[in-house]
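Letter by letter, the chains look like this.
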Amino acid sequence: HIQLGQFFMLFVIFMMVIVYIPKSERFWPLLLVLGMSKPQLTIMVYPGLLLSIWHKYGFRRAGKLVLFTGLCALILLIPVFWFYPAWIKDFLFITFGNFKVAWDLPTIFVQLPYLIGKSGYVIWGVLALATMGVSLWCWVKKGPKIALLVSLAATPMVTTYASSWDFL
């Protein structure tokens, strides 16, 4: 899986460490930053995790997690800036170049508009908002262990970008 450049299973393991091993809290910013390397996988988990922490421990603790995650990201980017300072230009070129390509991805976001036209985006938007609502509700009412499973299961359904590997 790793040799093929896939990351989904490691992402799941990182998120499970955060949720199922409470004493791992000092490593959360690192695990969150590493998980951000696949942002399409984070759309349900990260907001829910942050809301759960805010609900359980307050705004200050949630803000502290955001701050330390940002600092960790900056620290991990130092070698990239040091050894390849033009990486942002290339990153933006590749990212915006990919927007011009009509990828036939196995996601509702891509397939619905292809099958039924622009109204497919509206259907996807309603589905994505409803799914986010259910996910956030689970993080607050059902607890992180159940919510993580719900969020991970729902992510491939509403993410805008996913390959077949991401459906694991």
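See above for the structure.
So, how was this worked out
Residues numbered from 1 in each chain as written. Predicted model: local features only at pLDDT ≥ 70, side-chain atom pairs only at ≥ 80, totals over all residues. Heavy atoms only, no water. Helix = DSSP H or I, 4+ residues; strand = E, 2+ residues; numbered from the N terminus. Rg over C-alpha atoms; globule rule 2.2 N^0.38 Å. Contact = heavy atoms within 4.5 Å. Areas by Shrake-Rupley, 256 points an atom, 1.4 Å probe, with all protein chains shown as cover. Polar contact = N/O pair within 3.5 Å; in protein donor to acceptor, adjacent residues only side chain to side chain. Axes fitted to C-alpha atoms, helices over the stretch in contact; angles between N-to-C directions. Parallel < 35°, antiparallel > 145°, perpendicular 65-115°, else oblique. Nonpolar A, V, L, I, M, F, W, Y, C, P; charged D, E, K, R; others polar. Phe/Tyr/Trp six-rings, centres within 6.5 Å; stacked < 30°, edge-to-face > 60°. Lys NZ or Arg CZ within 6 Å of the ring centre and 35° of its normal. Patch = residues over 30% accessible without salt bridge, like charges linked within 9 Å, V, L, I, M, F, W, Y side chains within 5 Å. Salt bridge = Lys/Arg side-chain N within 4 Å of Asp/Glu carboxyl O. Left-handed = near helix turned anticlockwise from the far one by under 90°.

A.B. asks: Please explain the overall build of the protein chain as it appears in this structure.
C.D. replies: On a plain count of helices and strands, the protein chain comes out with eight helices and zero strands. Counting from the amino terminus, the protein chain carries its helices and strands in the arrangement α-α-α-α-α-α-α-α. In terms of overall size, the protein chain behaves like a compact globule, its C-alpha atoms giving a radius of gyration of 17 Å where 168 residues would be expected to give roughly 15 Å. Its C-alpha atoms give the protein chain principal-axis dimensions of about 45 × 45 × 30 Å. The contacts of the protein chain with a sequence gap of at least 6 include a subset with a gap of at least 24, amounting to 64%. When the accessible area of the protein chain is evaluated, it comes to approximately 11000 Å², of which 75% is carbon and sulfur surface.

A.B. asks: Mind showing me how you'd approach the environment of Ser-37 here?
C.D. replies: With respect to the helices and strands, Ser-37 occurs in the loop between α2 (28-35) and α3 (45-57). Between the C-alpha atom of Ser-37 and that of Tyr-114, which follows or precedes it by 77 residues, the distance is 28 Å. Here Leu-34 takes part through its backbone oxygen, which lies 2.7 Å from a polar atom of the side chain of Ser-37.

A.B. asks: Sorry if this is basic, but what is going on with the side chain of Thr-131 here?
C.D. replies: Secondary-structure assignment places Thr-131 in helix α7 (residues 119-141). Ignoring any residue separated from it by four or fewer positions in sequence, one finds Thr-131 in contact with Met-44, Ala-154, Met-157 and Val-158.

A.B. asks: How should I be thinking about the packing of helix α1 (residues 8-20) against α3 in this particular structure?
C.D. replies: Helix packing geometry: the angle between the two helix axes and the distance between the axes. Remark: α1 packs on α3, axes separated minimally by 13 Å, with the N-to-C direction vectors making an angle of 5°. One element, α1, and the other, α3, form an angle in the roughly parallel class. Only Val-45, Tyr-46 and Leu-49 of α3 make contact with α1, whose side of the interface consists of Phe-11, Met-15 and Ile-18. Class assignment of the residues belonging to the contact of α1 with α3 gives a composition of six nonpolar, no polar and no charged.

A.B. asks: Which parts of the structure should I look at to understand the packing of aromatic side chains?
C.D. replies: A ring pair, where both rings are aromatic, is described by two values, the distance of the centres and the angle of the planes. Taken as a whole and assessed by the stated rule, the structure comprises six aromatic pairs. Taken together through their ring pairs, the aromatic side chains of Phe-81, Trp-87 and Phe-91 make up a single cluster. For the cation-ring pair, Arg-61 lies above Tyr-57, with the distance from its terminal atom to the ring centre recorded as 3.8 Å.

A.B. asks: Mind showing me how you'd approach a nonpolar patch on the surface here?
C.D. replies: Taken together, the side chains of Ile-75, Ile-78, Trp-82, Phe-83 and Tyr-84 define a hydrophobic patch exposed on the protein surface, amounting to about 670 Å² of accessible area. As for its placement among the helices and strands, Trp-82 is situated in helix α4 (residues 59-83).

A.B. asks: Would you take a moment to explain the pattern of salt bridges for this structure?
C.D. replies: Side-chain pairing between opposite charges can occur once the charged atoms of the two side chains come close. For the structure shown, the criterion picks out one salt bridge. One salt bridge in this structure joins Glu-25 and Arg-61, with 2.7 Å as the shortest N-O distance. Remark: Arg-61 occurs in helix α4 and Glu-25 occurs in the loop between α1 and α2; sequence separation between them is 36 residues.

A.B. asks: How should the packing of α1 against α2 be read in this particular structure?
C.D. replies: Where α1 contacts α2, the axes come no closer than 10 Å and their chain directions differ by 155°. One element, α1, and the other, α2, form an angle in the roughly antiparallel class. Here the hand of the crossing between α1 and α2 comes out left-handed. Touching Phe-11, Phe-14, Met-15, Val-17 and Ile-18 of α1 are Trp-28, Leu-31, Leu-32, Leu-34 and Gly-35, all from α2. Broken down by class, the residue content of the contact of α1 with α2 amounts to nine nonpolar, one polar and no charged.

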